[in-house]
Amino acid sequence: MHDAVRQHLGGLVAESYGTADDRPPLVLLHGLTYDRRQWEPLLRELAIIDPGRQVLALDLPGHGESARRDSYYVHDVVRLLHEAVVEAGLDTPVMVGHSLGGMLATAYAGIHPARAVVNLDQPLLVGDFAQVLRQVEPVLRSSEHGQVWASMLARMEIHQLPPAARELVRTATTPRQDLLLGYWDEVLRVPLEELGEQRSRELTKIRSERISYRYVTQREPDPAYRRWLESVLPEITITVLPGTGHFPHLVQPAEVAGILATEGRER
């Protein structure tokens, strides 16, 4: 896609592509420490598979060219995302999110109008992650905070990425301490039961509004997690793309673009 238009929307910086038509627009939300550049391989494939599709790729608050904020709690960020979507004139978009963006896309659709959600490799229950994070919190708050991010990146299986994508993951990132502490503060401070209840409420609303939901992941979900997902959202579609690590949109951009080309077309 070469017709990118840079915009300021709701206090966020974005690039928009394509024009409005009968296809639902796509809103792309990247992961923590990254920015809208993460979507470049996917956008190239989407231009071939679904040319002219209206797409909005946002820089999340504090990322890329978007300004820093006092709060990065999920619902505070979702409010800013909704302002951007409304200002862009998008009607019931397909919310696409990778990692942290998958959490935000889910929360968005649980509060605001949406046609569909595509969650790229983001579990919605953060119990195990929260336990790890709370153990390393002293390091995270110290001058050695970079070690925490480096250890997490090592578990994201970036060795599976094509060379250009691997370089993008390693260089187009800003793991600042304020970002890590800001976006993870909710996980560190809010009881896990309360966080789980928030996600359950969002999925219940998604179900009641008949919003399509697809979870794209590198391997079969843990059985207990899958049971929870299907208990609150029986209509969920789980797509397993083996060998994609934590970045399915970078390892198999054509496959993910194909998913997006059809997602949200029917209700």
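Residues numbered from 1 in each chain as written. Predicted model: local features only at pLDDT ≥ 70, side-chain atom pairs only at ≥ 80, totals over all residues. Heavy atoms only, no water.

**Student:** Got a sec to walk through the overall build of the protein? Specific residues and values, please.
**Tutor:** Looking only at helices and strands, the protein features twelve helices and eight strands. In terms of C-alpha radius of gyration, the protein reaches 17 Å, essentially the compact-globule figure of 18 Å for 267 residues. For the protein, the spread of C-alpha atoms along the three principal axes comes to 50 × 40 × 35 Å. Excluding contacts between residues fewer than 6 apart, the proportion of contacts in the protein whose partners are at least 24 apart in sequence is 73%. When the accessible surface of the protein is split by element, carbon and sulfur atoms take 51% of a total near 11,600 Å². Computing the positive centroid from 28 side-chain charges and the negative centroid from 36, the protein places the two 1 Å apart. (Helix = DSSP H or I, 4+ residues; strand = E, 2+ residues; numbered from the N terminus. Rg over C-alpha atoms; globule rule 2.2 N^0.38 Å. Contact = heavy atoms within 4.5 Å. Areas by Shrake-Rupley, 256 points an atom, 1.4 Å probe, with all protein chains shown as cover. Lys, Arg positive; Asp, Glu negative; His and termini not counted. Charge placed at Lys NZ, Arg CZ, Asp CG, Glu CD.)

**Student:** Describe the packing of helix H4 (residues 127-135) against helix H8 (residues 177-189), listing the residues and the values that go with them.
**Tutor:** For the pair H4 and H8, the least separation of the axes is 9 Å and the interaxial angle reads 105 degrees. Taken together, H4 and H8 sit at an angle that is classed as roughly perpendicular. The segment H4 lies against H8, with Phe129, Ala130, Leu133 and Arg134 engaging Trp184, Val187, Leu188 and Arg189. (Axes fitted to C-alpha atoms, helices over the stretch in contact; angles between N-to-C directions. Parallel < 35°, antiparallel > 145°, perpendicular 65-115°, else oblique.)

**Student:** Which residues make up the pairing of strand E1 (residues 5-9), and what values go with them?
**Tutor:** Pairing of E1 with strand E2 (residues 12-17), which is carried by five bridges, proceeds in the antiparallel orientation. Residue pairing for E2: His8 is matched across the bridge by Val13. Here E1 folds back onto E2, and the loop between the two strands holds two residues, one of which, Gly10, carries a positive phi near 55 degrees. (Pairing = 2+ DSSP bridges.)

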